[in-house]
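Overview (structure and organization)
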Amino acid sequence: MLEIEKEYARSLVKQMTLEEKAGLCSGATCWDLKAINRLGLESVCVMDGPHGLRKQVGSTDNLGIGVSKPAVCFPTASALACSFDRNLLYEVAKSIGEECIAEGVSGLLGPGINMKRSPLCGRNFEYFSEDPFLAGELAVAFIQGAESTGTATSLKHFAVNNQEKRRMTVNAMIDERTLRELYLRAFERAVKKGKPSTVMCSYNKVNGIYASENEYLLTKILREEWGFEGVTISDWGAVHDRVMGVKAGLDLEMPSSNGANDKKIVEAVRSGRLSERKLDETATRITNFILKSLKNTNDTFCDYEKHHILAVKASRESMVLLKNENEILPLKKSDRIAIIGEFAMNPRIQGAGSSKINPIRVDTPLECIKQSGISYLYAQGYRLSSETSEDISLLAEAVATAKKMDKVLLFAGLPEGKESEGFDRETMELPAIQNKIIEEVSKVNKNVIVVLIGGAPVSLPWKEQVQGIMLAYLGGEGMGQAITELLMGTDSPCGKLAETWPIAVTDTPCADTFPGTGHLAVYDEGIYIGYRFYEKKHTRVQFPFGYGLSYTTFHYRDISVMLENGKIKIHFIITNTGAIRAGHSVLIFIKNAKCNTHRPERELRDFVKVFLEPGESEKIECIIDESNLGYYDVQTKSFVTPAGEYEVQIVGDKAKVEASTTVFLKHQNENQNKDQNKNQNQEQNKDISESSTDVSYYDTLIETEQGCKRKSFEALMGKKIYHETTTLKPYTTDHTLEDVQKTWTAKLLIMFAKHMIKRETKKEKEQMGMMLATIMEMPLYALAMSSGGMISEAMMNGLVMMMNGNYFKGICLIFKKE
């Protein structure tokens, strides 16, 4: 932030009372920050995203249930990442930022860049990738696009938030190297390069300490190491101990705690437990954020039609052609098509939960295909409202329709009730009725093309029975038009997978530990997730990271590499050798040099998107900083790049290496000034390696069975890990409704909660599962804070007393006047 702005913010804070400063540290409502009118400090609001604006009207909630104003719904992050297009992400975010400004919204709660540790995470649709470089680069583009309009962004969820099960209480146990190399790397790139206005902490604990009061993450790493100057904000209801949070570096608690935590801050300052200077720093950052936001809340014209056209483009460039046997696609105008599946008429365009947008309009695949003029018949095939049951008449109709036509477009995917914020999937399977329809239709028509809809990988038991597979992911409101344009050949598919599609859950790196037991999630797979794991273990997959087909072909030539001032400069020429204009993502992997340290076989180090006419060529230059090829060394507490020969791989369609060359890097210290390291000569004469404990752990991780891996991980962490640490009785407010559900007090609370959920989700029945999971796994202290004043902290303490059998004291506390 500019020094003059900081100074003005400080001058306002000096005029504030202690109570006013404490009050600034929490929201006024679910979405609004507090105003201090006597100082001219107005209230500003932040709202959910990240693939569109969800501005709520009327009654508010943070779970996507309440009514929100219409906005353009862009593809979710899992789809957009497949575009591998920084410019596209910039334009999408810029458009969302324009809608925020038009609606008087100061901040957009996104992007989300948590790693895809397991394909079962219910919120994976909201995250970009399993690769930290890709996630970080796309986040940078998104942040810069949105903030170019004056809209603040909130980078989330910091950190190690990779599951929905028990997300508010789970303790993520992770070693330092894995934390730095995988789970913080994307955040680091986004913070340093993108410069978001805010960073949002996650709900969970990291190595035993809640993220909302984790000084190591919030201050030492985020501010002192990475230079972040913005506001840190809690996820909604993530605050555990407010005073500890302020000490640790958490600036803003959201939503409002109805003054309860403000009072605790005031009491802590007066008692000397919290430095007023620390509070002043926090209040200054929030004040500066408000002042900056007030400059950008003027009404402005917003071209929603232009944004819708961009939504179609974004969806089109993000779809991935997974299979195209015998060039069954694109369709011909003369083809007679059977369109099967309710998703064709009622597509699922986005995920469920806090990111759910009220779209301006929705282009349905069925209507768009109809408008293309091709001959078709439609059969519903299955009911999304009862996907677990088999409707014989619908199945028979689908088979009969398929028999009559030349080709079949069969729309399948995950219904909203199977994939959502708030809970994780239990399997990778599609609903059984959908699998059966695909199998039965394939028996009567060999020309079946499956259009897949969903936010994450699914098992495809019928993959060899169909001719074509088009992956649409959750493509936003323009998905129907985008699907039609690709199927009809108006454009060529150009998306590539931003995550690996494994064959089965049992093949995944954390199959034994996801989502954990009790309140413990152990990240003992270490640095090996996604393609890093599958390539190291030589495990077969359905489709690898970076896979994607096109209607055209590309040729690479004249690859060259040179070193210059610590930069690796890569040049090559790519030519469209086919007959159709197409986009193409070029992925640059670098195969790591051999060293004494366990490392992935290769890692993504850059990517570029080009659009070429038939016969057109383009010269590409990629520049990679030599320091970015390193791994995190726990002894020196820094990233180091071993000397040796590195292979530069140019990867095209089918995740195939199209061209490669090598480059030899000297030891990093050989390129540094001697004065920077007194022990330089000694360091150059020894191999860079991990501690013996680290080496032992990675040896067992790759080469031995689970039991040995567990012992080595415990040695690495220096403590016993694999045992349930949650003691239920006596119950405290740290326990969840799920923990205490057998007590009659909790049973009454659960009955009341279910009644409220049923009432609130009348129009959104698919959201019921998400709401119930959230309530059941919410700590009791958070349940009170999120109740909007219905349950005070004292009342909750009384209820907990009753759960522990102290009925009289509990009742007295509940009805005691505060």
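Our structure is the block above this text.
When its secondary structure is counted, the protein shows 26 helices and 26 strands. The C-alpha atoms of the protein give a radius of gyration of 27 Å, which matches the 28 Å a tight globule of 818 residues would have. Looking at the protein as a whole, 62% of its 818 residues qualify as buried. Of the contacts formed within the protein by residues at least 6 apart in sequence, a portion of 75% connects residues at least 24 apart. About 31400 Å² of surface is accessible on the protein, with carbon and sulfur atoms providing 50% of the total.

One open sheet holds the four strands; their spatial order is S21-S20-S25-S26, and the pairing between them is antiparallel. Each end of this open sheet is capped by a strand with a single partner; those strands are strand S21 (602-612) and strand S26 (657-665). When strand polarity is set aside, the average angle formed by the axes of neighbouring strands in this sheet is 20°. Of the pairings in the sheet, the one linking strand S25 (residues 644-651) to S26 comprises eight bridges and is antiparallel in character. Of the residues in S26, the one forming a bridge with Gly 644 is Leu 665.

Right, let's get into the sheet that holds strand S18 (residues 554-564). In a beta sheet, neighbouring strands are held together by backbone hydrogen bonds and run either parallel or antiparallel to one another. Here three strands make up an open sheet; going across it, the order is S18-S19-S22 and the pairing antiparallel. At either end of the open sheet lies a strand with only one pairing partner, and these are S18 and strand S22 (617-625). Between one strand and the next, the sheet's axes are offset by a mean angle of 15°, whatever the strand orientation. The sheet contact formed by S18 and strand S19 (residues 567-576) spans nine bridges and is antiparallel.

What follows deals with the packing of helix H12 (residues 304-318) against helix H16 (residues 479-488). Between H12 and H16, the least distance of the axes is 8 Å, while the angle of their chain directions is 50°. For the element pair H12 / H16, the angle class is oblique. Classified by chirality, the crossing of H16 by H12 is right-handed. Within the contact between the two elements, H12 uses Val 312, Ser 315 and Arg 316 and H16 uses Met 479, Gln 481, Ala 482, Glu 485 and Leu 486.

Turning our eyes to something else, we now look at the side chain of Asp 424. Within the element layout of this structure, Asp 424 appears in the loop between strand S12 (407-413) and helix H15 (432-444). Put simply, Asp 424 is tucked away with no salt bridge, and the nearest opposite charge, on Arg 166, sits 7.5 Å away. One polar contact links the side chain of Asp 424 to the main-chain amide nitrogen of Glu 164, over a distance of 2.9 Å. Polar side-chain contacts of Asp 424 include one of 2.9 Å to the backbone nitrogen of Lys 165. Those residues in contact with Asp 424 that lie beyond four places of it in its chain are Leu 120, Cys 121, Gly 122, Gln 163, Glu 164, Lys 165, Phe 514 and Pro 515.

Attention now moves to the pattern of salt bridges. With the rule as written, the count across this model stands at 55 salt bridges. A salt bridge links Asp 131 to Arg 532; the nearest nitrogen and oxygen atoms lie 3.0 Å apart. Highlighted residues: Asp 131 in the loop between strand S2 (107-109) and helix H5 (132-147) and Arg 532 in helix H17 (residues 531-537), separated in sequence by 401 residues. Accessibility expressed as a relative area gives 0% for Asp 131, which makes it buried. Given the relative accessible area of 5%, Arg 532 is considered buried. Residue Glu 419 pairs with Arg 348 through a salt bridge whose shortest N-O separation is 2.7 Å. Of the two residues, Glu 419 is situated in the loop between S12 and H15 and Arg 348 in the loop between strand S10 (336-340) and helix H13 (365-371); the sequence distance between them amounts to 71 residues.

Another point: unusual backbone geometry. The omega torsion across Leu 329 and Pro 330 is 0°, close enough to zero to call that bond cis. Backbone torsion omega between Phe 514 and Pro 515 reads -5°, so that peptide bond is classified as cis. Structurally, Pro 515 can be placed in the loop between strand S15 (501-502) and strand S16 (520-522). Of note, Asn 207 is a non-glycine position whose phi angle comes to about 50°, a positive value. With respect to the helices and strands, Asn 207 occurs in the loop between strand S6 (205-206) and strand S7 (209-210). The exposure class assigned to Asn 207 is partly exposed, which follows from its relative accessible area of 29%. Non-glycine residue Asn 565 carries a positive phi angle of around 55°.

Among the ten residues that make up S19, nine are buried, leaving the element largely enclosed by the rest of the structure. What sits between the antiparallel neighbours S18 and S19 is a turn of two residues, in which Asn 565 has the positive phi angle 55°.

Within the element layout of this structure, Glu 181 appears in helix H6 (residues 176-183). Accessibility expressed as a relative area gives 8% for Glu 181, which makes it buried. At a separation of 2.5 Å, a polar atom in the side chain of Glu 181 contacts the side chain of Arg 177. Residues contacting Glu 181, with those up to four places away along its chain left out, are Pro 132, Ile 527, Tyr 631, Tyr 632 and Phe 639.

Calculation rules
For every chain, the first residue of the written sequence is number 1, and numbering continues from 1 onward in sequence order. Totals for whole chains, interfaces and linings use every residue, but because this is a predicted model, local features are given only for residues with pLDDT of at least 70 and side-chain atom pairs only at 80 or more, for both listing and counting. The basis for the side-chain values is all heavy atoms of the structure; hydrogens and waters are excluded. Helix and strand definitions follow DSSP, with helices as H or I runs of at least four residues and strands as E runs of at least two, each counted in order from the N terminus. The quantity called the radius of gyration is restricted to C-alpha atoms. Its globule counterpart is 2.2 Å times the number of residues to the power 0.38. Exposure is judged per residue with a 1.4 Å probe applied to protein chains only, and the accessible area is read against the type maximum: over 50% gives exposed, under 20% gives buried, and values in between give partly exposed. It only takes one pair of heavy atoms within 4.5 Å for two residues to be counted as in contact. Shrake-Rupley sampling with a 1.4 Å probe provides the accessible areas, and residues are treated as covered by the protein chains on show and by no other component. At least two DSSP bridges between two strands are needed for those strands to be called paired. For every element, the axis is a line fit to its C-alpha atoms; helices are fit only across the contacting stretch, and the angle between N-to-C directions ranges from 0 to 180 degrees. Throughout, the term roughly parallel applies to angles under 35 degrees, roughly antiparallel to angles over 145, roughly perpendicular to angles from 65 to 115, and oblique to all others. Definitions for this section: a left-handed crossing has its near helix turned counterclockwise from the far helix by less than a right angle. A right-handed crossing has that turn clockwise. Just so you know, the count uses Lys and Arg for positive and Asp and Glu for negative, and it drops His and the chain ends. Whenever a carboxyl oxygen of Asp or Glu lies within 4 Å of a side-chain nitrogen of Lys or Arg, that contact is scored as a salt bridge. The definition of a polar contact used here is a pair of N or O atoms within 3.5 Å, where within protein one atom must be able to donate a hydrogen and the other to accept one, and adjacent residues in sequence count solely through side-chain atom pairs.

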